[in-house]
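Here is what each chain is made of, one letter per residue.
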Amino acid sequence: MAVQFVTLRLGPVVLALVAFLMATGARAEDAAQPPASQPAAVPPGQKSAAPGGHGTASSPAAATAEQHRLPPDSTTKQTVVLPGRTLAFTATAGSIRLFNDRGDPQADIAYTSYQLDGGDQRSRPVTFFFNGGPGAASAYLQLGNAGPWRLSINGDAAMSSASPDLKPNAETWLDFTDLVFIDPVGTGFSRFVATDEDVRKRFFSIDGDVDALAVTVRRWLEKSDRLLSPKFIVSESYGGIRGPRIVRELQTQQGVGVRGLILVSPVLDFREYTGSSILQYVASLPTMAAVAREAKGPVTRADIADVEAYARGDFLSDLVKGQADAEATTRLADRVSALTGIDRAVSRRLAGRFGVSEFRREYDRRNGRVTGRYDASVLGLDPDPDSSSSHFDDPSGDPLIAPLTSAVVDLTTRTLNWRPEGAYRLLNSAVERAWDFGRGLNPAQSISQLRQILALDPKLKLLVGHGLFDLATPYFGSKILLDQLPAFASPERVKLVVYPGGHMFYSRDAARQAFRTEAETLMK
């Protein structure tokens, strides 16, 4: 969706002032470094040097950057009327400019913050939200879950032509924490201001992304005088890789302590989702069985306890024996057929080893329908039901792009009065295609960082939320990995909750309400 707005540019007087400051020794405020580098030193107490929190940089980089500059921050007073209470708060839509260690501008990171009026900033928590992808903007969490306004993205509202009208969110987290939604570069309105291809490669990498976002968090805290506030991080999907690393970067490199980490439908270890790993089948089987049972009536995780026990027991044992063991393979395939409802002949042909795409195609193939990937309980029409190849989108995810994009752009430009030029990117596939996942002997995982941050701070707490019907990041995969943490990751510190729903389980009212209660409990 391309939306054009009026560009705000700096006049000759401001440019002359920038040149004067550089000539007299003014320094760039901060640097987003290459993964192996330390963040550049910052003069004590230094604040933003330009409207919107931007620093200064020398020509010709500065001249190029001005062509891409986001407009100055917009701060407005807002009120939402909710059941039993009215919330008055200050909303800011703006950006933070990042620099390299030479002071050259690299990127403008857009954010939206909501701070409740009248709160004690020393004791009131502030929570930073990131989505995943890589390439996803934070609108999913802002408008689907925790922000002061919400867009319905469930049932009949989950379609491209649905109305993008926002309503006050009765389940907003603003009652108990201030909120900051951050869009990594290439998502939302965030953008590169440097044209160097090396800059793009650095930001589109695991470590470069974490470094940039950790600097952004610290910069926001300094800019907003919130360094003394209790701090929390929420990260969704690929955020399972991003979130623990950001917390560790804040702890050890940025001088910012974090009280708690909340992961929403996270992927924690890419090694177990691809290739020859048999754990991918163990992780997804309870979700596949839950989808089949949901078709007959409401299902909770407790109703799948037998499948979890089978998955970690006899199913895993028969997988390990391999397809050379015909008896084990037949036994496994027939049990999987019974649990999922998929034709036994198909299950035997696949040796009971259903990849996610195969399950989605075969589950209701007789009726020409496919399941969602984000929410496998959602069925859509297969555009090519007679094809031997799979050519279908995600009926549980793709229909959300249009209404969410329209809603967040309208909120930002009209209600919050911040009008960047150019397109808003809710889900930018170009970012994911360009992403450096660190291929090689060490595929991306964050379990190592989870161990480190929990060991470093004995008071740090972790909450992990999943949807029962999510095939993108199956909940049982996280369960297996969390069970491997050391004893210091006790149930009082580490909690897994699973709700009927998909990847965006918070789209369902009951799940959103329950998860809000869990988050509030963690923060108190």
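Before reading further, recall that the structure is shown in the block above.
The present account deals with the structure reproduced in this document. (Residues numbered from 1 in each chain as written. Predicted model: local features only at pLDDT ≥ 70, side-chain atom pairs only at ≥ 80, totals over all residues. Heavy atoms only, no water.)

Scanning the model with the defined rule gives 24 aromatic pairs in all. Seen in terms of ring centroids, Phe128 and Trp220 are 5.6 Å apart; in terms of plane orientation they differ by 85 degrees. Their pairing is edge-to-face. Placement of the pair is Phe128 in strand S4 (residues 126-130) and Trp220 in helix H5 (residues 206-223), with a sequence separation of 92 residues. Taking relative accessible area as the criterion, Trp220 reaches 1% and is therefore assigned buried. Taking 4.5 Å as the distance between ring centres and 25 degrees as the angle between the ring planes, the aromatic pair formed by Phe129 and Phe181 counts as stacked. (Phe/Tyr/Trp six-rings, centres within 6.5 Å; stacked < 30°, edge-to-face > 60°. Helix = DSSP H or I, 4+ residues; strand = E, 2+ residues; numbered from the N terminus. Buried < 20%, exposed > 50% of the residue type's maximum accessible area, 1.4 Å probe, protein only.)

Let's shift gears to unusual backbone geometry. A cis amide bond links Gly133 to the next residue, Pro134, at an omega of -5 degrees. Along the chain, the position of Pro134 falls in the loop between S4 and helix H3 (139-146). The phi torsion at Asp225 lies on the positive side, around 55 degrees, for a residue other than glycine. With respect to the helices and strands, Asp225 occurs in the loop between H5 and strand S9 (231-236). In this structure, Ala351 takes a positive phi of about 55 degrees despite not being glycine. The topology assignment puts Ala351 in the loop between helix H10 (344-349) and helix H11 (356-362).

Bringing the side chain of Arg516 into the picture now. Mapped onto the fold, Arg516 is located in helix H16 (residues 509-523). With sequence-adjacent residues up to four places away left out, Arg516 is seen in contact with Arg85, Ala170, Glu171, Thr172, Trp173, Asp175 and Phe176. (Contact = heavy atoms within 4.5 Å.)

Let us look at the environment of Glu308. By the element assignment, Glu308 lies in helix H8 (residues 305-321). You can call Glu308 buried: its relative accessible area is 7%. Between the C-alpha atoms of Glu308 and Ala289, which are 19 residues apart in sequence, the distance is 9.7 Å. Once residues lying within four places of it in the same chain are set aside, the contact partners of Glu308 are Pro286, Arg301, Tyr475 and Phe476.

This paragraph deals with the pattern of salt bridges. Here the structure, examined in full by the defined rule, presents 29 salt bridges. Among the ionic pairs, Asp364 bridges to Arg366, the shortest N-O distance being 4.0 Å. A relative accessible area of 6% places Asp364 in the buried class. Overall, Arg366 belongs to the exposed group, its relative accessible area being 62%. Here Arg414 ties to Asp410 by a salt bridge, and the two come within 2.9 Å at their closest N and O atoms. Remark: Asp410 and Arg414 occur in helix H12 (residues 401-415); sequence separation between them is four residues, near one turn of the helix. (Salt bridge = Lys/Arg side-chain N within 4 Å of Asp/Glu carboxyl O.)

Quick look at helix H15 (residues 475-482) now. Counting buried residues along H15, six of its eight residues qualify, which places the element largely inside the surrounding structure. Turning to H15, its buried residues are Tyr475, Phe476, Gly477, Ser478, Leu481 and Leu482. Looking at the packing, one finds that the buried side of H15 touches helix H7 (279-294), H8, helix H14 (447-456), strand S13 (461-467) and strand S14 (494-499).

Let us now look at the nonpolar core. In terms of nonpolar packing, the biggest core is built from 85 residues, with Phe128, Ile182, Phe203, Ile233, Phe315 and Leu482 touching the most fellow members. When residues of this core are assigned to their parent elements, the largest contribution, nine residues, is made by H5. In contact with Leu482, other than residues within four places in its own chain, are Leu268, Leu450, Leu462, Val464, Val494 and Leu496. Core analysis: the next-biggest nonpolar cluster, separate from the first, contains 51 residues, Ala139, Phe181, Leu426 and Ala519 among them. (Core = buried A, V, L, I, M, F, W, Y, C linked by side-chain atoms within 4.5 Å.)

Here we come to the side chain of Arg245. With respect to the helices, strands and loops of the structure, Arg245 is situated in helix H6 (residues 239-254). Dropping the residues within four chain positions of it, Arg245 is found in contact with Ile206, Asp207, Val210, Gln445 and Gln449.

Bringing the environment of Gly132 into the picture now. Within the secondary structure, Gly132 is located in the loop between S4 and H3. Residue class for Gly132 comes out buried when judged on its relative accessible area of 2%. Placed 110 residues apart in sequence, Gly132 and Arg242 show a C-alpha to C-alpha distance of 7.8 Å. What Gly132 contacts, discounting residues up to four positions off in sequence, is Glu236, Ser237, Tyr238, Gly239 and Arg242.

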